[in-house]
Amino acid sequence: LGADRTGTCLVYGPADGTADGVYSSHPDVVARTLQVDGDWDKVSLAEFILTGKVSYPHTYYSRVRALPFGGVHRFDLRGSPAPQLHREADWPLEFKLDSREDPEDLSRELSEALGKATQRRTHPELGDATIALSGGLDSRAILCSADERAELAAFCCFDRENLEYRTAGAIADQAGVELLPLKRPFDYYGDHAEEGVRISGGMGDIGSNHFLGFRDRILGLGTDSLITGCYFDYLFKSLAIDTTTHQLSRLERLGPFKHESYLPHFDFGTPITGAVRERIDGLFPADLRRDTSGLARLEIAKRRTFPLQYEGDNVQRTTVQRTMRWYPPAVDSDIIDVYLRTPVELRLNKAIFTKMVLDRCSERICRIPDTNTGVRVGAPRSTVAMNRYRIAVRRAFERRRESIASDESWPNWSYYLRASSRVRELWSRPNTAATAALGDILGGEFSARISAYLGESGGFRSSALLLRLLTAKIWLDQRTHPPRVG
């Protein structure tokens with residue numbers, strides 16, 4: 001049984017390493033089959049609520065773990081009543097940095113690697129390909145890397161015809177691809193929350209469950225291969241790197257180690273919070289945190305990123321992985337080889353990735369503004385910096401607006417979480433076991449009032465906390481009152 005070297009699809013089994021259990025790509029399946037479904041690992045539950053993710057190889061069960069990824073496991077069924085498990089091969093992720101590496105050569109290699117990865121995933125043998133198209137850089141670079149664009153379909157999700165949708169439409173028009181608009185109904189996320197938690201195992205919050213509700217429409221396009229731009233932010237940008245931003249220029253610079261990366265962290269001062277901190281400190285020991293070398297910074301980013309099935313937005317990936325035919329180019333071996341050779345400095349300010357997009361896309365498509373910066377691809381850094389202030393002001397205004405719509409791919413969470421009757425229904429569903437477990441983590445009685453955690457006006461941090469709490473509540477509901485099957 002093989003597990004790819006990026007950990008996009010993992011194998012779960014008994015935590016004690018015995019081979020007489022069951023192995024599955026879903027930890028809940030393992031737990032139920034081994035009859036350890038109620039033996040929860042509350043530290044993992046707390047870690048998810050406090051940090052937004054669970055540390056590999058832990059799961060929500062004390063007796064279920066993810067097996068090592070990036071290699072082959074052999075199950076020997078001979079000569080014993082129980083299968084014997086052996087590790088047979090390893091495909092490690094080892095950095096191969098060279099100070100003499102030419103940035104221009106690396107960007108060209110990345111461009112060639114993306115071209116090959118896209119050609120593999122749009123090959124006629126895989127059937128009809130569909131691309132999830134946004135107004136950013138990743139998906140446009142993939143679209144421009146496909147040769148037979150007339151055979152492609154593309155879609156864009158939105159709450160209203162906003163900037164993201166208009167930009168995706170402009171890119172599709174220039175590329176000669178028809179864009180399918182997928183407009184979300186008001187309770188899109190609430191209506192698909194339970195199914196998303198069940199499919200993903202609840203180790204990522206429901207705010208990333210972007211595609212599940214459109215599964216039938218996406219497959220209705222004749223989709224045999226769904227392609228997304230997932231993971232490039234981790235691999236070739238600064239999402240997992242410790243950075244600071246210059247106050248005036250808004251340029252990224254390397255900064256000191258922080259436990260909190262791009263996902264907000266919370267601390268409730270409870271004993272279980274201390275156990276979570278202990279676990280994280282074990283992942284990032286003091287010597288590594290103090291090391292400011294480029295290699296150490298990349299090692300920290302790697303531990304935050306891999307295995308990919310444990311990254312913070314994993315619900316977006318695991319739901320499509322388990323319900324559609326999803327082949328992300330970013331995990332292609334050629335691309336990972338370039339990732340392992342790219343110095344940390346070239347990941348700041350999207351340096352190498354922007355060069356790759358300029359190489360992959362036509363001048364007309366590069367002139368279409370990136371919705372994340374509001375300016376054309378490759379614009380002067382001073383222009384990008386000035387526009388970031390405008391975008392920050394716009395986002396702050398949007399969060400205070402009494403509307404679910406925003407100009408990004410995602411909704412105005414602050415408004416939606418306060419206004420949704422479906423969210424209130426899921427939140428207030430009686431379950432003493434679930435509320436007791438959450439109360440232990442929070443250090444007090446779990447409140448049936450959403451406003452107790454969201455506040456009056458909400459905001460990014462409080463919205464993130466509420467989404468995690470709601471996800472954990474739904475998962476606990478499902479584990480204590482599992483749905484009937486059959």
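Procedures and definitions
- Residues numbered from 1 in each chain as written.
- Predicted model: local features only at pLDDT ≥ 70, side-chain atom pairs only at ≥ 80, totals over all residues.
- Heavy atoms only, no water.
- Phe/Tyr/Trp six-rings, centres within 6.5 Å; stacked < 30°, edge-to-face > 60°.
- Helix = DSSP H or I, 4+ residues; strand = E, 2+ residues; numbered from the N terminus.
- Buried < 20%, exposed > 50% of the residue type's maximum accessible area, 1.4 Å probe, protein only.
- Lys NZ or Arg CZ within 6 Å of the ring centre and 35° of its normal.
- Salt bridge = Lys/Arg side-chain N within 4 Å of Asp/Glu carboxyl O.
- Patch = residues over 30% accessible without salt bridge, like charges linked within 9 Å, V, L, I, M, F, W, Y side chains within 5 Å.
- Areas by Shrake-Rupley, 256 points an atom, 1.4 Å probe, with all protein chains shown as cover.
- Lys, Arg positive; Asp, Glu negative; His and termini not counted.
- Charge placed at Lys NZ, Arg CZ, Asp CG, Glu CD.
- Core = buried A, V, L, I, M, F, W, Y, C linked by side-chain atoms within 4.5 Å.
- Contact = heavy atoms within 4.5 Å.
- Polar contact = N/O pair within 3.5 Å; in protein donor to acceptor, adjacent residues only side chain to side chain.

Mind showing me how you'd approach the packing of aromatic side chains here?
Each pair of aromatic rings is reported with the distance of its centres and the angle of its planes. Per the stated rule, a full pass over the model turns up 25 aromatic pairs. Each ring, one from F95 and one from Y339, has its centre 5.7 Å from the other, and the planes form 55 degrees; the classification is tilted. Within this pair, whereas F95 is found in the loop between β5 (84-90) and α3 (103-121), its partner Y339 is found in helix α14 (residues 333-339), the two being separated by 244 residues in sequence. For the pair formed by F95 and Y339, the shared burial category is buried. Grouping aromatic residues by their ring pairs yields a cluster made of F186, Y188, Y189, F214, W413, Y415 and Y416. Stacked on the ring of F284, the Lys or Arg R304 has its end atom at 5.6 Å from the ring centre.

Would you mind showing me how to read the pattern of salt bridges here?
All told, the structure shown has 36 salt bridges when counted by the stated rule. A salt bridge links R341 to E101, with the nearest nitrogen and oxygen atoms 2.8 Å apart. Here E101 lies in the loop between β5 and α3 and R341 lies in the loop between α14 and α15 (351-360), a separation of 240 residues in the sequence. Assessed through its relative accessible area of 21%, E101 is described here as partly exposed. As a salt-bridge pair, R461 and E260 come within 3.5 Å of each other at their nearest N and O atoms. With a gap of 201 residues between them, R461 in helix α22 (residues 460-480) and E260 in the loop between β11 (252-254) and α10 (271-283) connect regions that are remote in the sequence. According to the relative accessible area criterion, R461 is partly exposed, its value standing at 37%. Using a relative accessible area of 31% as the deciding quantity, one classes E260 as partly exposed. Three or more residues joined by partner-sharing salt bridges are found here, namely D191, E194, R422, E425 and R429.

For this particular structure, what's the right way to read a negative patch on the surface?
On the surface, a cluster of negative charge is contributed by D128, D147, E148 and E151. Along the chain, E151 falls in the loop between α4 (138-145) and β7 (153-158).

What is the right way to read the nonpolar core from this model?
Across soluble globular proteins, you tend to see nonpolar side chains buried next to one another. If you look at the biggest cluster of nonpolar residues, it comprises 126 residues, and the most contacted ones within it are F155 and F236. The element contributing the most residues to this core is α22, with nine residues. The contact partners of F236, leaving out residues within four places of it in the chain, are L110, I335, V338, Y339, T342, R347, I352 and F353.

Whenever I open this one, the environment of W326 confuses me. Can you help?
Within the secondary structure, W326 is located in the loop between α13 (314-323) and α14. Look at W326 and you get buried, because its relative accessible area is 8%. Residues W326 and P181, 145 residues apart in the sequence, show an inter-C-alpha distance of 20 Å. Once you skip the residues sitting within four places of it in the chain, W326 turns out to touch T8, L226, T228, C230, Y231, R317, V320 and Q321. Separated by 3.0 Å, the side chains of W326 and T228 make a polar contact.

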